[in-house]
Amino acid sequence: MANKTLIIGATGQIGTELYLTLVEKHGRENVIASDIRSTDNSAFAKAKFEMLDVLDSDQLLKIVQKHDIKEVYLLAALLSATAEKKPDFAWKLNMEGLFNVLNLAKDKIIDKIFWPSSIAVFGPNTPSDNTPQETIMQPTTVYGISKLAGEQWCQYYFEQYGVDVRSIRYPGLIGYKSAPGGGTTDYDVDIFHKAISESKYTCFLEQDMALPMMYMPDAIKATIQLMEAAKEKVKVRNSYNLAGISFTPDQISTEITKHIPEFKISYEIDFRNKIAKSWPNSIDDTFAQKDWGWKQAYSLESMVTDMLNNLGK
Ligand code: AKB
């Protein structure tokens, strides 16, 4: 029988797609979706759904016990752009939420945790091309600081208490089933919607701002592959680099133009450009490849074609 799984922050960009995939794999009765508010997204129409504020540790424990949960995917967090506007709350949510879940595993109530980190753990002093797994970090955003601290706490809980917590440093994520919210890389989803509805898009990043991004099917595949890997294969216990696809706004707009020739991009730079500038251009994910056999499927071309096909439907 499959382990019972709880997704916290299930209605967000990653949570929605992860929920659908886990339900397909393990059955609806084994996957509990939770979020701080309810949703009218049809993906959750038949879901076992719990309202949960991850900062409420009593409520979290009740839900975990009620459903006999053994695995938790903790996806509730403030992303980079929102965190700059609400630094106190971002720190509270991103850190206390993590502690509440880590402590459940420390107390042997749950067995396994997935917690997402981000390319935001890197900073302006990090080598920005092909950024290695282990390198200078020094993030300059509230979100990046919280993710780097979180990574270190995951490693600490693994080493001190044997907590089986696994993590990926996600690049910006691109998908058609759910929308991102509050991130710096959100343009990479908005651009498709605007290309289809208006044939134009105004981008808040510079045209040559290269960032690592990843198509959602690859991100979900990596997440589940890491969670299913044998324990001894998971050698990195802070968080794994994943490369994704590196491109600039100019490059993705050229790719979209191949499908929508009238598409035009223009630029109005805002504060998110500075955040993006502090992040790597591209990532080295050799550790993920070697440790648990990671191999990504999508290129810029195949991702753009698939996104437009699905959004156009
Ligand atoms: C953001 O832009 O804040 C996120 C991330 C890269 O972690 N998408």
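Computed from a prediction, not measured in an experiment: that's the story for all the values here.

Peer 1: Can you tell me about the domain arrangement of the protein chain, naming the residues and giving the values?
Peer 2: The assigned domain composition of the protein chain is domain 1 (4–170) and domain 2 (173–213 + 244–312). Relative to domain 2, the C-alpha centre of domain 1 lies at a distance of 23 Å. Domain 1 puts 29 residues into the contact, and the matching count from domain 2 is 26 residues. Ranking the residues of domain 1 by area buried against domain 2 places Gln13, Glu17 and Ile119 at the top, with a combined share of 28%.

Peer 1: So, the sheet that holds strand S1 (residues 5–8): which residues are in play, and what are the values?
Peer 2: Taken in spatial order, the seven strands of this open sheet run S3-S2-S1-S4-S5-S6-S10, and their pairing is parallel. The open sheet has two edge strands with one neighbour each: strand S3 (48–51) and strand S10 (240–241). Two strands pair when backbone bridges link them, and S1 and strand S4 (residues 71–74) are joined in this way by four bridges, in the parallel orientation. When the sheet's bridge partners are listed, Leu6 is paired in S4 with Val72.

Peer 1: Please provide a residue-by-residue account of a nonpolar patch on the surface, values included.
Peer 2: On the surface, a cluster of nonpolar side chains totalling about 270 Å² of accessible area is made up of Trp153, Tyr156 and Tyr161. Of note, Tyr156 is situated in helix H5 (residues 142–161). Under the relative-accessibility criterion, Tyr156 is labelled partly exposed at 36%.

Peer 1: How would you summarise the pattern of salt bridges if you had to cite specific residues and measurements?
Peer 2: Using the criterion set out here, one finds eleven salt bridges in the structure. The shortest N-O distance in the salt bridge between Arg169 and Glu151 comes to 2.8 Å. Of this pair, Arg169 sits in strand S6 (residues 164–170) while Glu151 sits in helix H5, and the two are 18 residues apart along the sequence. When sorted by exposure, Arg169 lands in the same class as Glu151, which is buried. Linked by salt bridges that have partners in common, Asp164, Arg166 and Arg237 make up one network.

Peer 1: Can you break down unusual backbone geometry residue by residue, with the values?
Peer 2: For Asp68, which is not a glycine, the phi torsion comes out positive at approximately 55 degrees. Take Asp68: it is sitting in the loop between helix H2 (57–67) and S4.

Peer 1: Which residues make up the packing of helix H4 (residues 87–106) against H5, and what values do they have?
Peer 2: In the contact formed by H4 and H5, the axes pass within 10 Å of each other and the chain directions differ by 15 degrees. Classed by the angle they form, the pair H4 and H5 counts as roughly parallel. As H4 packs across H5, the resulting crossing turns out to be right-handed. Facing Pro87, Ala90, Trp91, Asn94, Met95, Leu98, Phe99, Leu102, Asn103 and Lys106 of H4, the residues of H5 in contact are Val142, Tyr143, Ile145, Ser146, Ala149, Gly150, Trp153, Cys154, Tyr157 and Tyr161. Considered class by class, the residues forming the contact of H4 with H5 number 15 nonpolar, four polar and one charged.

Peer 1: An account of the site of the ligand is requested, with residue identities and associated values reported.
Peer 2: Neighbouring residues of the ligand: Leu79, Ser80, Ser118, Ile119, Tyr143, Gly183, Thr184, Thr185 and Trp279. At a separation of 2.9 Å, a nitrogen atom of the ligand approaches a polar side-chain atom of Thr185. Protein coverage of the free-state accessible area of the ligand, which is 260 Å², stands at 94%. In terms of residue class, the shell around the ligand is built from four nonpolar, five polar and no charged. Lining the shell around the ligand are residues from two domains, each supplying at least three of them: domain 1 (4–170) and domain 2 (173–213 + 244–312).

Peer 1: Report on the side chain of Glu17, specifying residues and quantitative values.
Peer 2: Take Glu17: it is sitting in helix H1 (residues 13–26). Of the side chains bearing the opposite charge, Lys177 lies closest to the buried Glu17, which forms no salt bridge; the N-O distance is 4.3 Å. Once residues within four sequence positions are removed from consideration, Glu17 is found in contact with Gly175, Tyr176, Lys177, Ser178, Met216 and Ile220.

Peer 1: So what about the nonpolar core? Which residues, and what values?
Peer 2: With 65 residues, the main nonpolar core has Leu6, Phe192, Ile252 and Met303 as its most contacted residues. Structurally, this core is a two-domain feature, drawing no fewer than three residues from each of domain 1 (4–170) and domain 2 (173–213 + 244–312). Every residue in contact with Leu6, bar those within four places of it in the chain, is listed here: Ile32, Ser34, Leu52, Leu60, Ile63, Val64, Ile69, Glu71, Val72 and Tyr73. One finds Ala10, Leu22, Val23 and Val236 within the second-largest nonpolar core, a separate group that totals 34 residues.

Peer 1: Quick one: what's the story with the packing of aromatic side chains, residue by residue and with numbers?
Peer 2: Aromatic rings in a pair are described by how distant their centres are and how their planes are angled relative to each other. If you walk through the whole model with that rule in mind, you get 15 aromatic pairs. A ring pair is formed by Phe114 and Tyr170, whose centres lie 6.1 Å apart and whose planes are at 55 degrees; its orientation type is tilted. Taken together, the residues Phe114 in strand S5 (residues 112–118) and Tyr170 in strand S6 connect sequence positions 56 residues apart. Each member of the pair, Phe114 as well as Tyr170, is classed as buried.

Rules of the game
Residues numbered from 1 in each chain as written. Predicted model: local features only at pLDDT ≥ 70, side-chain atom pairs only at ≥ 80, totals over all residues. Heavy atoms only, no water. Domains from an automatic or database assignment. Contact = heavy atoms within 4.5 Å. Buried area = accessible area lost by both parts, 1.4 Å probe. Pairing = 2+ DSSP bridges. Helix = DSSP H or I, 4+ residues; strand = E, 2+ residues; numbered from the N terminus. Patch = residues over 30% accessible without salt bridge, like charges linked within 9 Å, V, L, I, M, F, W, Y side chains within 5 Å. Areas by Shrake-Rupley, 256 points an atom, 1.4 Å probe, with all protein chains shown as cover. Salt bridge = Lys/Arg side-chain N within 4 Å of Asp/Glu carboxyl O. Buried < 20%, exposed > 50% of the residue type's maximum accessible area, 1.4 Å probe, protein only. Axes fitted to C-alpha atoms, helices over the stretch in contact; angles between N-to-C directions. Parallel < 35°, antiparallel > 145°, perpendicular 65-115°, else oblique. Left-handed = near helix turned anticlockwise from the far one by under 90°. Nonpolar A, V, L, I, M, F, W, Y, C, P; charged D, E, K, R; others polar. Near = heavy atom within 4 Å. Polar contact = N/O pair within 3.5 Å; in protein donor to acceptor, adjacent residues only side chain to side chain. Lys, Arg positive; Asp, Glu negative; His and termini not counted. Core = buried A, V, L, I, M, F, W, Y, C linked by side-chain atoms within 4.5 Å. Phe/Tyr/Trp six-rings, centres within 6.5 Å; stacked < 30°, edge-to-face > 60°.

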